[in-house]
Amino acid sequence: MQAGVFAAPGQFIVENRPEPSLDTVPSDWVKLEVEACGVCGTDLQIVKDPPGHPAAPGVVLGHELAAHVVELGSEANAVREGDRVVLAPNLYCREQNLEPCAQCLRGRTNHCANFHTIGIHRDGGFARYVLAPEKALLSIAEDLSLGDAVWIEPLSCVLGGFNQFDVADAGTALVIGAGPIGVLHALMLKSQGLPVMVADLADARLEQARDAGVDWTVNVNAESLADVVSDATEGRGADLIVDAVGGQLGTAVDLAAMMGQICCFGLNSVTPIVNQSRLTERELRVFGTFVGVGTFPQAIQLLEDGLLQPSGLNLTMPLADLAEGLDLCRTGAAVKVVATPDS
């Protein structure tokens, strides 16, 4: 089968690999046939030189996948052959049949001491077949469009932060970054009836954000984000702000309304300069969010109910062309690239 592989720093290749065998994994694992797998910003970080995110060299990347179960391990009994599923790729103690660590005992599985990710630390979904523990699978409807199904994993991460917002008295929202995570945040905020601004550097992504229903888009290379926010809010500032890029906390603090809320989602090594006096005087609430805890069922329900339909943002291509797809993501020419495996 063809597989999209992190070969070495700066090197992503599509090469032939043997089909994975259940003989190599615990007996409660299953074999999945991948329908499609989305490109995540983490994948782009992994293939940078130097890498911006650790991964195992030689690993098959891809963790945003929808699939069908095609073979069961001898002790797998929670799913059946033919079931349509999505993968919760971050394996915690439970999924690895380990005694729970201190963080897992507290319900903080996103900070598990044994955190291990399919598609980063072991072979993932940029291939026809992938192996996974049955405990990490969730069923999805057969009639959920494939284009929406591949958004379940990133939406589960977005909900980890979005659910911490108090939207009751919010007037206007700002999302910094028009990549997949930024646009998902914008769609969630729009679903609450809020007017939303999205800022980015790439016109192509901003155009797709507008097509998805975003009220204002700002190319920060062409106009002042501060001026747009001020005009849109009559000088009050944005009530809810998402930094989907990372390193934008200083900007968010400067643009926040009195008692505004700032969600720091993006991971970036840039150290922002923050006006702490403004943060304190305006009584801003700033919180970070990492992955999500127990948010997969909510993500599935939102998409199955059609409350969010992000599939219009997809650029779908054969796995064989995925190196080109990564370049399109990297340059901002595409919001979400989705790879389909070889026949």
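Up top is the structure these notes are about.
Residues numbered from 1 in each chain as written. Predicted model: local features only at pLDDT ≥ 70, side-chain atom pairs only at ≥ 80, totals over all residues. Heavy atoms only, no water.

**A few points about the nonpolar core**
If you look at the biggest cluster of nonpolar residues, it comprises 54 residues, and the most contacted ones within it are Ile152, Leu155 and Leu189. Mapped by element, the contributors of at least two residues to this core are α4 (152-162), β10 (173-176), α5 (180-191), β11 (196-200), α6 (203-211), β13 (238-243) and α10 (296-304). Of all the elements, α5 adds the most residues to this core, at seven residues. Beyond its immediate chain neighbours, meaning those up to four positions away, Leu155 contacts Leu184, Met188, Ala299, Leu302, Leu303 and Leu308. The next biggest cluster of nonpolar side chains, apart from the first, holds 46 residues, and it includes Val30, Leu32, Val59 and Ala334. (Core = buried A, V, L, I, M, F, W, Y, C linked by side-chain atoms within 4.5 Å. Buried < 20%, exposed > 50% of the residue type's maximum accessible area, 1.4 Å probe, protein only. Helix = DSSP H or I, 4+ residues; strand = E, 2+ residues; numbered from the N terminus. Contact = heavy atoms within 4.5 Å.)

**With respect to the layout of surface pockets**
If you add up the space inside the second largest pocket, you get close to 300 Å³. Along its surface, the second largest pocket is lined by 20 residues, and Ala88, Tyr92, Glu95, Gly294 and Phe296 are the ones closest to its centre. Taken together, the elements giving at least two residues each to the lining of the second largest pocket come down to α4 and α10. Per element, the largest residue contribution to the lining of the second largest pocket is three residues, and it comes from α4. Taken together, the residues that form the lining of the second largest pocket break down as ten nonpolar, six polar and four charged. (1 Å grid on protein atoms, 1.4 Å probe; cavity = no way out; pocket = protein on both sides within 12 Å on 5 of 7 lines; lining within 4 Å. Points joined across faces, edges and corners; volume = space filled by probe spheres on them. Nonpolar A, V, L, I, M, F, W, Y, C, P; charged D, E, K, R; others polar.)

**Description of the packing of α4 against α5**
Where α4 meets α5, the axes come as close as 10 Å, and the angle between the chain directions of the two elements is 60°. As judged from the angle between their axes, α4 and α5 are oblique. Here the hand of the crossing between α4 and α5 comes out right-handed. Contact residues: α4 offers Pro154, Leu155, Val158, Leu159 and Phe162, while α5 offers Ile181, Leu184, His185, Met188 and Leu189. Taken together, the residues of the contact of α4 with α5 sort by class into nine nonpolar, one polar and no charged. (Axes fitted to C-alpha atoms, helices over the stretch in contact; angles between N-to-C directions. Parallel < 35°, antiparallel > 145°, perpendicular 65-115°, else oblique. Left-handed = near helix turned anticlockwise from the far one by under 90°.)

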